[in-house]
Amino acid sequence: MNNMIGHFISGQHITQTQNSGPVFNPSTGEEIARCAYADVAVVDQAVQAATSTNAKKWAKASHATRLQVLFKLRELMIAKTDELAEIIGREHGKTIADAKGEIGRAIEGIEFACNAPQVTKGEYARNVAGDIDVFSVRVPVGVVGCITPFNFPIMIPAVMMAMAVSVGNSIVWKPSEKVPSAALFFADLWKEAGLPDDVFNIVQGDKVAVDAILEHPDIAAVSFVGSTHIGEYVYQKGTSHNKRVASFTGGKNHMVVMPDADLEAAANAFVSAGFGSASQRCMAVSLLVPVGEETANQLRTLIIEKTKALKIGAYNDPTADFGAVISAQSQQSVLKAIDQCVADGAELLLDGRAYEHPQYKNGYYIGPTLFDYISTDMDFYKQEVFGPARGILRVNTLDEAILVTNSHEFGNGSVIFTRDGKTAHRFFMEIESGMIGVNVPVPLPVSYFNFGGLRRSKFGESHLYGPDAARFYTKLKTVSQKWPEPEESDQAISLAFKIT
Ligand code: NAD
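Note that the coordinates shown come from a computational prediction; the quantities given were computed from them, not determined experimentally.

Draft legend 1. Quick peek at the site of the ligand. In the vicinity of the ligand there are 26 residues, among which Thr148, Glu177, Ser227, Thr249 and Glu384 approach most closely. Within the backbone of Thr148, an N or O atom sits 2.8 Å from an oxygen atom of the ligand. When the free accessible area of the ligand is taken as 840 Å², the share hidden by the protein chains comes to 88%. Elements represented by at least two residues in the shell around the ligand include exactly helix H9 (207-215) and strand S11 (221-225). Each of two domains, domain 1 (4-249 + 457-479) and domain 2 (253-438), supplies a minimum of three residues to the shell around the ligand.

Draft legend 2. Broad picture of the UniProt feature "domain: Aldehyde dehydrogenase" (unreviewed entry) in the protein chain. The UniProt entry lists residues 17-479 under the feature "domain: Aldehyde dehydrogenase" (unreviewed entry), expressed in the numbering used here. The span residues 17-479 shows a helical share of 42% and a strand share of 21%, and its end C-alpha atoms are spaced 48 Å apart.

Draft legend 3. Layout of unusual backbone geometry. Look at Ala278: it is not a glycine, yet its phi comes out positive at around 55°. Following the sequence through the fold, Ala278 ends up in the loop between helix H11 (263-275) and strand S14 (285-290). Ala278 sits in the buried class, given a relative accessible area of 0%. You will see that Arg455, though not glycine, has its phi angle at about 50°, which is positive. Within the secondary structure, Arg455 is located in strand S21 (residues 454-455).

Draft legend 4. Representation of the packing of helix H4 (residues 81-92) against helix H5 (residues 96-113) in the model. Contact geometry of H4 with H5 gives a least axis separation of 9 Å together with a crossing angle of 120°. On the basis of the axis angle, H4 is oblique to H5. For H4 against H5, the interelement crossing comes out right-handed. Of the residues in H5, those touching H4 at Thr81, Asp82, Leu84, Ala85, Glu86 and Ile88 are Ile96, Ala99, Lys100, Glu102, Ile103 and Ile107. Broken down by class, the residue content of the contact of H4 with H5 amounts to seven nonpolar, one polar and four charged.

Draft legend 5. Quick peek at the pattern of salt bridges. Taken as a whole and assessed by the stated rule, the structure comprises 27 salt bridges. Measuring nitrogen to oxygen at the nearest pair gives 3.1 Å for the salt bridge that ties Lys100 to Asp82. Taken together, the residues Lys100 in helix H5 and Asp82 in helix H4 connect sequence positions 18 residues apart. We note a salt bridge from Lys94 to Glu102, for which the minimum N-O separation is 2.6 Å. Since its relative accessible area comes to 2%, Lys94 is described here as buried. By relative accessible area, Glu102 is classed as buried at 2%.

Draft legend 6. Quick look at the environment of Gly168. Relative to the elements of secondary structure, Gly168 occurs in the loop between helix H7 (155-166) and strand S9 (170-174). Residue classification places Gly168 among the buried residues on the basis of a relative accessible area of 2%. Linking Gly168 and Gly437, residues 269 residues apart in sequence, is a C-alpha distance of 34 Å. Setting aside residues up to four positions removed in sequence, Gly168 forms contacts with Trp58, Ala59, Arg66 and Pro140.

Draft legend 7. Broad picture of helix H3 (residues 63-79). Relative to the 24 Å expected for 17 residues at 1.5 Å per residue, H3 spans 24 Å between its end C-alpha atoms, a close match to the ideal helical length. Of the positions making up H3, those classed as buried are Arg66, Leu67, Val69, Leu70, Leu73, Leu76 and Met77. Among the structural elements, helix H2 (53-60), H4, H5, helix H6 (116-120), H7 and helix H8 (181-193) are those in contact with the buried residues of H3.

Draft legend 8. Layout of the sheet that holds strand S19 (residues 413-417). Taken in spatial order, the seven strands line up as S15-S16-S17-S14-S13-S19-S20 in an open sheet, and their pairing is mixed. Among the strands making up the open sheet, the edge pair consists of strand S15 (347-350) and strand S20 (435-438). When the angles between neighbouring strand axes are averaged without regard to direction, this sheet yields 20°. Its contacts with the sheet put helix H16 (residues 421-430) on strand S13 (253-257), S19 and S20, and the angle it makes with S19 is roughly 170°.

Draft legend 9. Region of the structure containing the domain arrangement of the protein chain. Domain parsing of the protein chain yields domain 1 (4-249 + 457-479) and domain 2 (253-438). Centre-to-centre separation of domain 1 and domain 2, based on C-alpha positions: 31 Å. Contacts between the two partners involve 24 residues from domain 1 and, on the opposite side, 23 residues from domain 2. Of the roughly 1,900 Å² buried between domain 1 and domain 2 on both sides combined, carbon and sulfur atoms contribute 56%.

Draft legend 10. Just the side chain of Asp98, in detail. Residue placement: Asp98 occurs in helix H5. Given the relative accessible area of 15%, Asp98 is considered buried. For Asp98, the side chain forms a polar contact with the side chain of Arg281, separated by 2.9 Å. With near-sequence residues (within four places) excluded, Asp98 lies in contact with Ser277 and Arg281.

Draft legend 11. Just the pairing of S13, in detail. Burial runs high along S13: five of the five residues are buried. Judged by which residues are buried, S13 turns out to be covered on both faces: Asn253, Met255 and Val257 on one side and His254 and Val256 on the other are all buried. Summarising the sheet, S13 and S14 pair through five bridges and their orientation is parallel. Following the sheet pairing, Val256 is matched in S14 by Val289.

Draft legend 12. Main features of the pairing of strand S12 (residues 244-248). The element S12 is largely enclosed, with a buried count of four among its five residues. One ladder, built from five bridges, connects S11 with S12; its direction is parallel. Within S12, the position partnered with Ala221 by the bridge is Arg244. Handedness of the crossover joining S11 and S12 through helix H10 (residues 228-240): right-handed. Taken together, the two bridges between S12 and strand S22 (residues 458-459) define a ladder with antiparallel strand orientation. Opposite Phe248, over in S22, you have Lys458 as the bridge partner.

Draft legend 13. Here's a closer look at the nonpolar core. Residues Met77 and Phe200 are the most contacted members of the largest nonpolar core, which totals 74 residues. Looking at this core, the element that brings in the most residues is H7, giving 10 residues. Split by domain, the residues of this core number at least three in each of domain 1 (4-249 + 457-479) and domain 2 (253-438). Excluding its chain neighbours within four sequence positions, the residues that come into contact with Met77 are Leu84, Ile103, Ala106, Ile107, Ile110, Ile154, Phe186 and Leu189. Residues Phe270, Val291, Ile312 and Ala389 belong to the second largest nonpolar core, which totals 59 residues.

Analysis parameters
Every chain is numbered on its own, with residues counted from 1 as its sequence reads. Two thresholds apply to this predicted model, a pLDDT of at least 70 for residue-level local features and 80 or more for giving and counting side-chain atom pairs, whereas whole-chain, interface and lining totals are computed over all residues. The side-chain figures draw on all heavy atoms in the structure; neither hydrogens nor water molecules are used. By convention in this text, a residue qualifies as near a molecule or strand provided that one of its non-hydrogen atoms is within 4 Å of it. The definition of a polar contact used here is a pair of N or O atoms within 3.5 Å, where within protein one atom must be able to donate a hydrogen and the other to accept one, and adjacent residues in sequence count solely through side-chain atom pairs. The protein chains shown are the only cover counted for residues, whose accessible areas, like all others here, come from Shrake-Rupley with a 1.4 Å probe. Secondary structure follows DSSP: runs of H or I at least 4 residues long count as helices, runs of E at least 2 residues long count as strands, and numbering of each begins at the N terminus. An automatic or database domain assignment supplies the residue ranges for each domain. UniProt positions are given in the numbering used here, feature names are shortened, and annotations may be inferred rather than shown by experiment. Only protein chains enter the calculation, and the probe is 1.4 Å; a residue is then buried if its accessible area is under 20% of its type maximum, exposed if over 50%, and partly exposed in between. Axes here refer to lines fitted to C-alpha atoms; in helices the fit is confined to the stretch in contact. Angles between the N-to-C directions go from 0 to 180 degrees. With respect to orientation, any angle under 35 degrees is reported as roughly parallel, any angle over 145 as roughly antiparallel, any angle of 65 to 115 as roughly perpendicular, and every other angle as oblique. Helix crossings get a hand from a simple test, with the near helix turned counterclockwise from the far one by less than a right angle marking a left-handed crossing and a clockwise turn marking a right-handed one. Should any heavy atoms of two residues lie within 4.5 Å, those residues are considered in contact. Under the convention adopted here, Pro, Cys and the residues Ala, Val, Leu, Ile, Met, Phe, Trp and Tyr are nonpolar, Asp, Glu, Lys and Arg are charged, and Gly plus all remaining residues are polar. Salt bridge, as applied in this entry: a Lys or Arg side-chain nitrogen positioned within 4 Å of an Asp or Glu carboxyl oxygen. In this analysis, the expected span of each helix is defined as 1.5 Å times one less than the number of residues it contains. Pairing between strands requires that DSSP locate at least two bridges from one strand to the other. Computed with a 1.4 Å rolling probe, the buried area is the accessible surface lost when two parts are put together, summed over both parts. Seen with the strands pointing away from the viewer, any crossover whose path from the first strand over the helix to the second strand runs clockwise is right-handed. Only buried residues count toward a nonpolar core, which is a set of Ala, Val, Leu, Ile, Met, Phe, Trp, Tyr and Cys residues joined through side-chain atoms within 4.5 Å.

Listed below in structure tokens is the structure:
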């Protein structure tokens, strides 16, 4: 096997490399390629491209010119959805239907990036004092370093980079080394869409490439999505190198169900949002928090029955509900979390540990696993378990549900199911999460709203997408200007600090 997945710099694919790592098909457990790992010199080469005259021309290009490229990119993404979904599924393990769903959200992000002129246009005030006009302009930050996770090989990069490019920046992107191929496919689409070479560059790799991005003096901003402990590191190191950093990290998303809720709908929502994509979504529902014993007992029965019916399969099995987890290492860490939870005394309702795919015995599968009687002192509660193991944490009152939800270190998404408006209102006013759902299990906002968690689910003050992202990718300048008539020319010296 000599399939080397390489970098993309100045519009060229580069496969020669000193370092590389394996890429697997999680559905079968086979090694399918090698991924080049960039060293400091390769990252520097990419940054040089991103700061070249060609890249700077993009920063100066008109909005209309830039938007033509984005429109074309959108068309290409639609036309090539099937091909891209296959690439994503093969390296990630998610089903083709799920991969197409993420491509749909990527396209939505590109569409919103076409609004860049609307969200970055400045303000103007006439004659603020002494015939002086004041206006603000937003200009590109320069080079943006993007570091992305494995779980959305195209959606997260697309929403991030479409806006960064749309406002005139150039990119040095380090994708997850576990899913490197979708990145190169995306780079080819940008090129075909007419983006000038040098604007969009990819360095594949691991920590070495990430550190080189964080330390490079010519990178102005860094966008990161990934786990909390790496995201915190990226934020601290990047800001200590004087970059603006936006870092979006882990979640433990609580779903509170009130006794008055439609329990059938809530059970369906929990199973879909809990186990979809083998629970490898930052917005996956991690915990069910039913209020009252009767709510808990009824939901438990419904959820066991519905979860048992889920079908596991390879990414290209059209009958599968979800697929393998990303790696053997991830499989082991989820199995370990389940073992620990059993040892800690939770009641194991469904045990997926022994699941084996009939055809792909080496695939990284775990069957759907469900616990009852999770408590807040258990590791299973504290950790983000990134695989199909979910839990029920019983509470007696809404007060307790809010307290439990707010006491977790993460604040990405939280959800309530209820039929009562006052309860819903109290929940979204008091819950400390960035995204809140009321009878909506995955409250992933549409692209024209801001996306980002609170507490340790986000480091930095920006948002991953939405209008705030456009602001993150631009610098604000405020100009005060006066055009006096020659005869009005005010030559007098005045040292007063005045507003007139
Ligand atoms: P990860 O933190 O392992 O990797 C993210 C990126 O960091 C990758 O590009 C990886 O190569 C790089 N990286 C890994 N180890 C590093 C190190 N020691 N130093 C520097 N860089 C390193 O995350 P992942 O497993 O790819 O993705 C899953 C995580 O991402 C979950 O925690 C999930 O909740 C989170 N996530 C968050 C959001 C969000 O919007 N908040 C969205 C998607 C995923």
